[in-house]
Amino acid sequence: FRPSLCVAAARAFGAEPAASLNTAAAIELMHNAFLVHDDIEDESEERRGRPTLHLLHGVPTAINVGDALAVMALRPLLDNTAALGPSLTLRVLDEAERMARESVEGQAIELWWRARNADDLTEHDYLEMVLKKTCWYTVIFPLRAGALIGARGGYDPERLVRFGFFVGAAFQIQDDLLNLVGDEAKYGKELLGDIWEGKRTLMLIHAMAQARPEERARVAEILARPRAARRLDDILWIRALMDQRGSIEHARATAQGLVGAAMHEAEAALRALPPSRDRSFLEALPAWVIERA
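What comes next is a walk through the structure. Counting of residues starts from 1 at the beginning of each chain's written sequence and follows it residue by residue. Totals for whole chains, interfaces and linings use every residue, but because this is a predicted model, local features are given only for residues with pLDDT of at least 70 and side-chain atom pairs only at 80 or more, for both listing and counting. Each side-chain value is worked out from all heavy atoms of the structure, with water and hydrogens disregarded.

### Quick look at the overall build of the protein chain
Inference 1: Here a strand is any run of E in DSSP of at least two residues, a helix any run of H or I of at least four, and the numbering for each starts at the N terminus. For the protein chain, the helix and strand inventory stands at 15 helices and 2 strands.
Inference 2: Computation of the radius of gyration draws on C-alpha atoms alone. For the globule rule, the value is 2.2 Å times the number of residues to the power 0.38. Taken against the 2.2 N^0.38 rule, which gives 19 Å for 293 residues, the C-alpha radius of gyration of the protein chain at 20 Å falls within 12% of a compact globule.
Inference 3: Buried positions account for 54% of the 293 residues belonging to the protein chain.
Inference 4: All accessible-area figures derive from a Shrake-Rupley calculation using a 1.4 Å probe, and residue coverage is judged against the displayed protein chains alone. Here the protein chain has roughly 13,100 Å² of accessible surface; of this, 57% comes from carbon and sulfur atoms.
Inference 5: His is not counted, nor are the chain ends, whereas Lys and Arg count as positive and Asp and Glu as negative. By convention, the point assigned to a charge is CZ for Arg, NZ for Lys, CD for Glu and CG for Asp. Taking the average location of the 35 positive side-chain charges in the protein chain and that of its 43 negative ones, the two points are 2 Å from each other. For every residue, the accessible area (1.4 Å probe, protein chains only) is compared with the maximum for its type, and the residue is labelled buried under 20%, exposed over 50%, or partly exposed between those bounds.

### As for a nonpolar patch on the surface
Inference 1: Like charges are joined within 9 Å and nonpolar side chains (Val, Leu, Ile, Met, Phe, Trp, Tyr) within 5 Å, but only among residues with over 30% relative accessible area and no salt bridge; these make up the patches. Within this document, salt bridges are pairs made up of a side-chain nitrogen of Lys or Arg and a carboxyl oxygen of Asp or Glu, the two lying within 4 Å of each other. A cluster of nonpolar side chains, Val71, Leu74 and Leu78, forms an exposed patch at the surface whose accessible area comes to about 270 Å².
Inference 2: Mapped onto the elements of the fold, leucine 74 is located in helix H5 (residues 74-78).
Inference 3: By relative accessible area, leucine 74 is classed as partly exposed at 45%.

### Description of the pattern of salt bridges
Inference 1: Under the defined criterion, the tally for this structure stands at 30 salt bridges.
Inference 2: Residue lysine 199 pairs with aspartate 42 through a salt bridge whose shortest N-O separation is 3.1 Å. Here aspartate 42 lies in helix H2 (residues 21-42) and lysine 199 lies in the loop between helix H10 (193-197) and helix H11 (202-210), a separation of 157 residues in the sequence.
Inference 3: A residue is classified by how much of its surface remains accessible, and lysine 199, at 16% relative accessible area, is buried.
Inference 4: Residue aspartate 42 is classed as buried on the basis of its relative accessible area of 3%.
Inference 5: Across the pair arginine 271 and glutamate 267 runs a salt bridge, and its minimum N-O distance is 3.0 Å.
Inference 6: A cluster of three or more residues bridged by salt bridges with shared partners is formed by Glu95, Arg98, Glu102, Glu105, Lys132, Arg144 and Glu158.

### So, H11
Inference 1: Across the 9 residues that make up H11, a large majority, 7, are buried.
Inference 2: Listing the buried residues of H11 in full gives Leu202, Met203, Leu204, Ile205, His206, Ala207 and Met208.
Inference 3: Buried residues along H11 sit in contact with helix H7 (123-150), helix H8 (161-181), helix H12 (213-224), helix H13 (232-244) and helix H14 (247-270). Contact criterion: two residues are considered in contact whenever any of their non-hydrogen atoms come within 4.5 Å of each other.

### Describing the packing of helix H1 (residues 2-12) against helix H15 (residues 277-291)
Inference 1: Following both chains from N to C, one finds H1 and H15 inclined at 130 degrees, their axes separated by 8 Å at the closest point. Taken together, the axis directions place H1 and H15 in an arrangement best described as oblique. Considering only the axes of H1 and H15, their crossing is left-handed. Of H15, the residues touching H1 (which contributes Ser4, Leu5, Ala8, Ala9, Arg11 and Ala12) are Arg277, Asp278, Arg279, Phe281, Leu282 and Leu285.
Inference 2: Charged residues are taken to be Asp, Glu, Lys and Arg, nonpolar residues to be Ala, Val, Leu, Ile, Met, Phe, Trp, Tyr, Cys and Pro, and polar residues to be all remaining types, Gly included. Across the contact of H1 with H15, the residue classes break down as 7 nonpolar, 1 polar and 4 charged. For helices, the axis comes from a line fit to the C-alpha atoms of the stretch in contact; other axes are also lines fit to C-alpha atoms, and the angle between any two N-to-C directions lies between 0 and 180 degrees. Roughly parallel here means an angle under 35 degrees, roughly antiparallel means over 145, roughly perpendicular means 65 to 115, and every remaining angle is called oblique. What makes a crossing left-handed is the near helix being turned counterclockwise from the far one by less than a right angle; a clockwise turn instead makes it right-handed.

### Details of the side chain of lysine 133
Inference 1: As for its placement among the helices and strands, lysine 133 is situated in helix H7.
Inference 2: Classification of lysine 133 as buried rests on a relative accessible area of 12%.
Inference 3: Of the polar contacts made by the side chain of lysine 133, one reaches the side chain of glutamine 107; its length is 3.2 Å.
Inference 4: If sequence neighbours within four positions are ignored, lysine 133 has contacts with Asp38, Glu102, Ser103, Gly106, Gln107, Glu110 and Lys199. Here a polar contact is recorded for every N or O atom pair within 3.5 Å, except that within protein the pair must consist of a potential hydrogen donor and a potential acceptor, and residues adjacent in sequence are included only if both atoms are side-chain atoms.

### Points about the nonpolar core
Inference 1: Residue types Ala, Val, Leu, Ile, Met, Phe, Trp, Tyr and Cys, when buried and joined through side-chain atoms within 4.5 Å, form a set referred to as a nonpolar core. Formed by 83 residues in total, the largest nonpolar core has its most connected members in Met242 and Leu282.
Inference 2: Sorting elements by how many residues they give to this core places H7 first, with 15 residues.
Inference 3: If we skip the residues at most four places from it in the chain, leucine 282 touches Leu5, Ala8, Ala9, Ala12, Leu143, Phe163 and Leu270.
Inference 4: Residues Ala33, Ile40, Ala62 and Leu69 belong to the second largest nonpolar core, which totals 5 residues.

### Details of the packing of aromatic side chains
Each aromatic ring pair is characterised by the separation of its centres together with the angle its planes make.
Inference 1: Working definition: rings of Phe, Tyr and Trp (its six-membered ring) pair if their centres are within 6.5 Å, and the pair is stacked with planes under 30 degrees apart, edge-to-face with planes over 60 apart, and tilted otherwise. All chains considered together, the criterion is met by 6 aromatic pairs.
Inference 2: Taken together, the aromatic side chains of Phe1, Phe171 and Trp288 make up a single cluster linked through ring pairs.

### Thoughts on the packing of H12 against H13
Inference 1: Here H12 crosses H13 at 145 degrees, and the two axes come no closer than 11 Å. For the crossing formed where H12 meets H13, the hand is left-handed. Counted together, Glu215, Arg218, Val219, Ile222 and Leu223 of H12 and Asp234, Trp237, Ile238, Leu241 and Gln244 of H13 form the full contact between these two elements.
Inference 2: For the contact of H12 with H13, the per-class residue count stands at 6 nonpolar, 1 polar and 3 charged.

Now the structure itself:
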């Protein structure tokens, strides 16, 4: 998804297909580096239908693999010089640095919420975290890098931030929903894993805000325990509370609203581009992110 988005943006803005391939490869390497480290930090047990890397080979090896993937991502970005020239290569590298910084800041926010067992978060808090942790590396950076490559630096990438935020936030909410209601055979990760891990998803934040004081206290008590000390009946109780408080439907409605906003921003950001398959691909993204199963 992420490298394809970069390639499509570059071509929509006028680049030859090969011009964005190095950057697209770097994006995929960085994405996988983040996943390896995230799985360790989250104590995740399953990724892409298999045990996570740290469960298969141990935490030290997994950390080293994540570090290696992050370092390997630098080479294709540096190799851009031959195709893009030094000035544009440096701009793309600058975009990559900002993306990495935004992403780790977002991860730090989420880890801090879990460390202090936060039970007073708002929807605004969630969306601010998602902007940094998810949107920047999943949508905003691929779009911005692709647009810079395609327009040879002649397009202001700030015009793509709002579009990328709305698409990325809807993507993350849908991902969180699939963790609760998805088809286990297709999902590829541990169903209900976000509750086991104590992640403050939009559904959990909404359920806690709508819950009675004694229910909110029970949620906080369950999430205060280490993952290994949480019981299945506790996890299922939190999941049922989300249904009782309308949190699943609230999240779906929020994602739909974000999709509508993304469609509006796409029209504003892309209207000057000539019609093409790649422009159509970008314009179809908002609907796709919540239709995927």
